Amino acid sequence: MKKNMLFITLLLFSILILSACISNSTYNNNNHNNSKKSNTAFKVVIDSGHGGKDVGATGASGQYEKNFTLSVSKKVEKLLKQEPQIQVFMTRRDDSFISQESRYRPKYANKLDADLFISIHGNTFSNPDVSGTETFYYHKNSRLFADIIQKYVAEATGFRDRGIMKKDLFVVKDTKMPAALIEVGYLTNPENESKMWTDDFQNRVATSIVEGIKEYKVRSEKKGIEKWIF
Ligand SMILES: [Zn+2]
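Keep in mind the model is a prediction, meaning the values are calculated, not measured. (Residues numbered from 1 in each chain as written. Predicted model: local features only at pLDDT ≥ 70, side-chain atom pairs only at ≥ 80, totals over all residues.)

Peer 1: Which parts of the structure should I look at to understand the overall build of the protein chain?
Peer 2: Looking only at helices and strands, the protein chain has seven helices and six strands in total. Here the protein chain holds 230 residues, and the buried ones make up 37% of them. Sequence-distant contacts in the protein chain: of pairs separated by 6 or more residues, those separated by 24 or more amount to 81%. (Helix = DSSP H or I, 4+ residues; strand = E, 2+ residues; numbered from the N terminus. Buried ≥ 20, exposed ≤ 12 C-beta atoms within 10 Å, placed from the backbone. Contact = placed C-beta atoms within 7 Å.)

Below is the structure:
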(Lines give C-alpha, C1' and ligand atoms only; values in the text may rest on other atoms or scores of the structure.)
Protein backbone atom coordinates (compact mmCIF):
# COMPACT_ATOMS: atom_id res chain seq x y z
CA MET A 1 0.00 0.00 0.00
CA LYS A 2 2.75 2.38 0.98
CA LYS A 3 4.60 1.46 -2.24
CA ASN A 4 1.49 2.20 -4.30
CA MET A 5 1.06 5.60 -2.68
CA LEU A 6 4.68 6.46 -3.42
CA PHE A 7 4.23 5.40 -7.03
CA ILE A 8 1.07 7.52 -7.46
CA THR A 9 2.77 10.54 -5.85
CA LEU A 10 5.75 10.19 -8.17
CA LEU A 11 3.45 9.83 -11.19
CA LEU A 12 1.46 12.95 -10.28
CA PHE A 13 4.68 14.86 -9.72
CA SER A 14 5.98 13.81 -13.16
CA ILE A 15 2.74 14.85 -14.86
CA LEU A 16 2.92 18.25 -13.17
CA ILE A 17 6.50 18.87 -14.35
CA LEU A 18 5.69 17.66 -17.86
CA SER A 19 2.64 19.92 -18.24
CA ALA A 20 4.63 22.89 -16.92
CA CYS A 21 7.28 22.21 -19.59
CA ILE A 22 4.71 21.96 -22.38
CA SER A 23 2.92 25.20 -21.47
CA ASN A 24 6.24 26.97 -21.13
CA SER A 25 7.35 25.89 -24.59
CA THR A 26 3.98 26.96 -26.08
CA TYR A 27 4.41 30.33 -24.42
CA ASN A 28 7.90 30.68 -25.83
CA ASN A 29 6.73 29.82 -29.34
CA ASN A 30 3.92 32.37 -29.23
CA ASN A 31 6.24 34.93 -27.86
CA HIS A 32 8.75 34.22 -30.59
CA ASN A 33 6.13 34.53 -33.35
CA ASN A 34 4.76 37.78 -31.99
CA SER A 35 8.12 39.43 -31.66
CA LYS A 36 9.06 38.23 -35.15
CA LYS A 37 5.93 39.79 -36.63
CA SER A 38 6.34 43.17 -34.97
CA ASN A 39 10.03 43.42 -35.83
CA THR A 40 9.74 42.42 -39.47
CA ALA A 41 9.00 45.24 -41.90
CA PHE A 42 6.92 44.63 -44.99
CA LYS A 43 9.48 44.59 -47.79
CA VAL A 44 8.44 46.06 -51.12
CA VAL A 45 10.59 45.95 -54.25
CA ILE A 46 9.94 48.64 -56.85
CA ASP A 47 11.21 47.63 -60.23
CA SER A 48 11.73 50.47 -62.66
CA GLY A 49 11.34 48.96 -66.13
CA HIS A 50 14.21 49.02 -68.65
CA GLY A 51 17.28 51.31 -68.25
CA GLY A 52 20.52 52.20 -70.01
CA LYS A 53 20.72 50.90 -73.58
CA ASP A 54 17.36 49.16 -73.02
CA VAL A 55 15.25 52.27 -73.59
CA GLY A 56 11.90 50.46 -73.62
CA ALA A 57 9.11 51.98 -75.68
CA THR A 58 9.68 55.13 -77.68
CA GLY A 59 6.73 57.40 -77.01
CA ALA A 60 4.73 59.36 -79.57
CA SER A 61 6.89 62.41 -78.78
CA GLY A 62 10.15 60.43 -79.07
CA GLN A 63 10.80 60.19 -75.31
CA TYR A 64 11.88 56.88 -73.81
CA GLU A 65 9.90 54.61 -71.50
CA LYS A 66 12.98 54.01 -69.28
CA ASN A 67 12.83 57.64 -68.10
CA PHE A 68 9.13 57.46 -67.35
CA THR A 69 9.48 54.28 -65.29
CA LEU A 70 12.42 55.68 -63.28
CA SER A 71 10.64 58.94 -62.53
CA VAL A 72 7.47 57.22 -61.27
CA SER A 73 9.49 54.61 -59.33
CA LYS A 74 11.42 57.31 -57.46
CA LYS A 75 8.18 59.03 -56.52
CA VAL A 76 6.82 55.73 -55.18
CA GLU A 77 10.05 55.18 -53.27
CA LYS A 78 9.83 58.62 -51.66
CA LEU A 79 6.24 58.00 -50.54
CA LEU A 80 6.93 54.48 -49.24
CA LYS A 81 9.85 55.76 -47.15
CA GLN A 82 7.28 57.70 -45.13
CA GLU A 83 5.46 54.48 -44.21
CA PRO A 84 6.94 53.18 -40.93
CA GLN A 85 5.92 49.57 -41.50
CA ILE A 86 7.17 49.38 -45.07
CA GLN A 87 10.74 48.95 -46.24
CA VAL A 88 11.31 49.89 -49.86
CA PHE A 89 13.95 48.53 -52.24
CA MET A 90 14.70 49.55 -55.83
CA THR A 91 16.06 47.37 -58.63
CA ARG A 92 17.61 50.53 -60.12
CA ARG A 93 17.85 54.15 -59.02
CA ASP A 94 19.66 55.54 -62.08
CA ASP A 95 19.95 54.91 -65.81
CA SER A 96 21.81 51.63 -65.41
CA PHE A 97 21.23 48.78 -67.80
CA ILE A 98 19.99 45.48 -66.35
CA SER A 99 20.20 42.54 -68.74
CA GLN A 100 17.18 40.27 -69.09
CA GLU A 101 19.44 37.23 -69.27
CA SER A 102 20.81 37.87 -65.78
CA ARG A 103 17.27 37.65 -64.34
CA TYR A 104 18.60 40.19 -61.82
CA ARG A 105 15.23 41.83 -61.09
CA PRO A 106 13.38 38.75 -59.71
CA LYS A 107 16.59 37.35 -58.19
CA TYR A 108 17.09 40.59 -56.25
CA ALA A 109 13.56 40.39 -54.81
CA ASN A 110 13.83 36.68 -53.99
CA LYS A 111 17.15 37.15 -52.22
CA LEU A 112 15.65 39.92 -50.11
CA ASP A 113 12.75 37.65 -49.17
CA ALA A 114 10.50 40.54 -50.22
CA ASP A 115 6.77 40.60 -49.49
CA LEU A 116 5.76 42.34 -52.71
CA PHE A 117 7.27 43.06 -56.11
CA ILE A 118 5.96 45.73 -58.40
CA SER A 119 7.30 46.49 -61.84
CA ILE A 120 6.46 49.85 -63.43
CA HIS A 121 6.17 50.27 -67.21
CA GLY A 122 4.64 52.33 -69.98
CA ASN A 123 2.99 50.47 -72.83
CA THR A 124 3.53 50.49 -76.57
CA PHE A 125 1.53 49.40 -79.61
CA SER A 126 1.75 49.85 -83.37
CA ASN A 127 -1.72 51.42 -83.46
CA PRO A 128 -1.51 54.83 -81.73
CA ASP A 129 -5.25 54.75 -81.00
CA VAL A 130 -4.78 51.99 -78.42
CA SER A 131 -4.73 53.41 -74.89
CA GLY A 132 -5.37 52.50 -71.28
CA THR A 133 -4.03 51.06 -68.02
CA GLU A 134 -3.43 47.36 -67.47
CA THR A 135 -1.70 45.06 -64.98
CA PHE A 136 0.00 41.72 -65.59
CA TYR A 137 0.60 38.93 -63.13
CA TYR A 138 1.54 35.27 -63.47
CA HIS A 139 1.11 33.15 -60.34
CA LYS A 140 -2.19 32.62 -58.56
CA ASN A 141 -0.79 34.18 -55.38
CA SER A 142 -0.38 37.48 -57.27
CA ARG A 143 -3.95 37.82 -58.49
CA LEU A 144 -5.30 39.70 -55.49
CA PHE A 145 -2.42 42.18 -55.59
CA ALA A 146 -2.83 42.67 -59.36
CA ASP A 147 -6.55 43.31 -58.86
CA ILE A 148 -6.00 45.88 -56.12
CA ILE A 149 -3.19 47.75 -57.85
CA GLN A 150 -5.10 47.88 -61.16
CA LYS A 151 -8.13 49.34 -59.40
CA TYR A 152 -6.08 52.13 -57.78
CA VAL A 153 -3.85 52.97 -60.75
CA ALA A 154 -6.65 52.92 -63.36
CA GLU A 155 -8.62 55.31 -61.18
CA ALA A 156 -5.61 57.62 -60.84
CA THR A 157 -4.78 57.68 -64.57
CA GLY A 158 -8.39 58.10 -65.69
CA PHE A 159 -7.40 56.10 -68.79
CA ARG A 160 -9.39 53.17 -70.17
CA ASP A 161 -9.36 50.35 -67.58
CA ARG A 162 -8.02 47.36 -69.52
CA GLY A 163 -8.07 45.12 -66.45
CA ILE A 164 -5.61 42.48 -65.29
CA MET A 165 -4.18 39.65 -67.32
CA LYS A 166 -2.07 36.58 -66.68
CA LYS A 167 1.09 36.87 -68.80
CA ASP A 168 4.32 34.92 -69.01
CA LEU A 169 6.73 37.75 -68.16
CA PHE A 170 9.86 36.72 -66.30
CA VAL A 171 9.71 39.53 -63.73
CA VAL A 172 6.33 38.31 -62.48
CA LYS A 173 6.99 34.61 -63.19
CA ASP A 174 10.40 34.20 -61.51
CA THR A 175 9.50 36.23 -58.42
CA LYS A 176 8.42 34.02 -55.53
CA MET A 177 6.33 36.64 -53.74
CA PRO A 178 3.13 38.28 -55.08
CA ALA A 179 4.22 40.31 -58.09
CA ALA A 180 2.54 42.61 -60.59
CA LEU A 181 3.67 44.57 -63.63
CA ILE A 182 1.76 47.78 -64.23
CA GLU A 183 1.49 49.28 -67.70
CA VAL A 184 0.45 52.74 -66.55
CA GLY A 185 -0.63 53.93 -69.99
CA TYR A 186 0.30 53.79 -73.69
CA LEU A 187 3.27 55.97 -74.52
CA THR A 188 2.45 55.40 -78.19
CA ASN A 189 -0.96 57.03 -77.69
CA PRO A 190 -0.38 60.81 -77.90
CA GLU A 191 -3.18 61.59 -75.49
CA ASN A 192 -2.00 59.11 -72.84
CA GLU A 193 1.62 60.12 -73.34
CA SER A 194 1.17 63.89 -72.98
CA LYS A 195 -0.32 63.29 -69.52
CA MET A 196 2.22 60.63 -68.53
CA TRP A 197 5.15 63.05 -68.67
CA THR A 198 3.59 65.59 -66.32
CA ASP A 199 4.69 65.76 -62.71
CA ASP A 200 1.12 66.01 -61.48
CA PHE A 201 0.07 62.81 -63.27
CA GLN A 202 3.13 60.89 -62.06
CA ASN A 203 2.51 62.00 -58.48
CA ARG A 204 -1.10 60.79 -58.71
CA VAL A 205 0.03 57.42 -60.08
CA ALA A 206 2.73 57.06 -57.39
CA THR A 207 0.19 57.82 -54.66
CA SER A 208 -2.23 55.27 -56.10
CA ILE A 209 0.49 52.59 -56.18
CA VAL A 210 1.25 53.25 -52.52
CA GLU A 211 -2.45 53.12 -51.63
CA GLY A 212 -2.72 49.79 -53.45
CA ILE A 213 0.30 48.38 -51.63
CA LYS A 214 -1.14 49.46 -48.28
CA GLU A 215 -4.54 47.92 -49.01
CA TYR A 216 -2.92 44.67 -50.09
CA LYS A 217 -0.75 44.64 -46.95
CA VAL A 218 -3.80 44.96 -44.68
CA ARG A 219 -5.85 42.39 -46.60
CA SER A 220 -3.07 39.82 -46.82
CA GLU A 221 -2.31 40.15 -43.11
CA LYS A 222 -5.99 39.66 -42.24
CA LYS A 223 -6.25 36.58 -44.41
CA GLY A 224 -2.84 35.26 -43.35
CA ILE A 225 -1.91 34.79 -47.00
CA GLU A 226 1.23 32.74 -47.61
CA LYS A 227 3.56 34.85 -49.67
CA TRP A 228 5.69 32.02 -51.03
CA ILE A 229 4.50 29.94 -53.93
CA PHE A 230 7.03 27.15 -53.60
ZN1 LIG B 1 8.26 48.30 -70.58
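Peer 1: How do you make sense of the packing of helix α4 (residues 143–157) against helix α7 (residues 199–223) when you look at a structure like this?
Peer 2: Think of two packed helices as two axes; the pair is described by the angle between the axes and how far apart they sit. One can describe the packing of α4 onto α7 by two numbers: an axis separation of 8 Å at closest approach and a directional angle of 150°. In this view, α4 runs roughly antiparallel relative to α7, as classed from their interaxial angle. Seen along the crossing, α4 lies across α7 with a hand that is right-handed. When α4 is examined against α7, the residues Leu144, Phe145, Ile148, Ile149, Tyr152, Val153, Glu155, Ala156 and Thr157 are found in contact with a partner set consisting of Arg204, Val205, Thr207, Ser208, Ile209, Glu211, Gly212, Glu215, Tyr216 and Arg219. (Axes fitted to C-alpha atoms, helices over the stretch in contact; angles between N-to-C directions. Parallel < 35°, antiparallel > 145°, perpendicular 65-115°, else oblique. Left-handed = near helix turned anticlockwise from the far one by under 90°.)

Peer 1: Sorry, what's going on with the pairing of strand β2 (residues 86–90) here?
Peer 2: Sheet faces and side chains relate simply in a regular strand, where the side chains alternate between the two faces. In the sheet, strand β1 (residues 42–48) pairs with β2 via five bridges, with the strands oriented parallel. Across the sheet, Val45 pairs through a bridge with Phe89, a residue of β2. Note on the crossover from β1 through helix α2 (residues 65–80) to β2: the handedness is right-handed. (Pairing = 2+ DSSP bridges. Right-handed = clockwise from strand over helix to strand, strands pointing away.)

Peer 1: Looking at this structure, how should I read the sheet that holds strand β5 (residues 161–166)?
Peer 2: Strand order in the open sheet formed by six strands is β2-β1-β3-β6-β4-β5, and the pairing between neighbours is mixed. Here the strands that pair on one side only, and so sit at the sheet edges, are β2 and β5. Sheet twist, expressed as the average angle between the axes of neighbouring strands with direction ignored, equals 20°. Relative to strand β3 (residues 116–123), β1 runs parallel, the two sharing five bridges. Paired with Ser48 across the two strands is Ile120, which belongs to β3. Sitting on the sheet, α2 is in contact with β1, β2, β3 and β6 (179–186), with an inclination near 145° to β3.

Peer 1: Looking at this structure, I do not really get the nonpolar core. What am I missing?
Peer 2: Val44, Leu116, Ile118, Ile149, Val153, Ala180 and Ile209 are the most contacted members of the largest nonpolar core, which totals 46 residues. Broken down by element, this core gets its largest block of residues, eight residues, from α4. (Core = buried A, V, L, I, M, F, W, Y, C linked by C-beta atoms within 7 Å.)

Peer 1: What is the right way to read the pairing of β6 from this model?
Peer 2: Of all eight residues in β6, eight are buried, a share of seventy percent or more. Here six bridges tie β3 to β6, and the two strands are oriented parallel to one another. Looking at β6, one finds that Asn123 is bridged to Tyr186. Judged from the three bridges that link them, strand β4 (residues 133–137) and β6 form a sheet pairing that is antiparallel. The residue of β6 that forms the bridge with Thr135 is Ile182.

Peer 1: Can you help me understand the packing of α2 against α7 in this one?
Peer 2: The geometry of α2 relative to α7 is characterised by a closest axis approach of 9 Å and an angle of 50° between their N-to-C directions. On the basis of their axis angle, the class for α2 and α7 is oblique. In this structure, α2 meets α7 at a crossing whose hand is right-handed. Of the residues in α7, those in contact with Ser71, Val72, Lys75, Val76, Leu79 and Leu80 of α2 are Gln202, Asn203, Val205, Ala206, Thr207, Ile209 and Val210. Considering only residue class, the contact of α2 with α7 consists of eight nonpolar, four polar and one charged. (Nonpolar A, V, L, I, M, F, W, Y, C, P; charged D, E, K, R; others polar.)

Bear in mind that shape data such as this cannot, by itself, settle questions of function.
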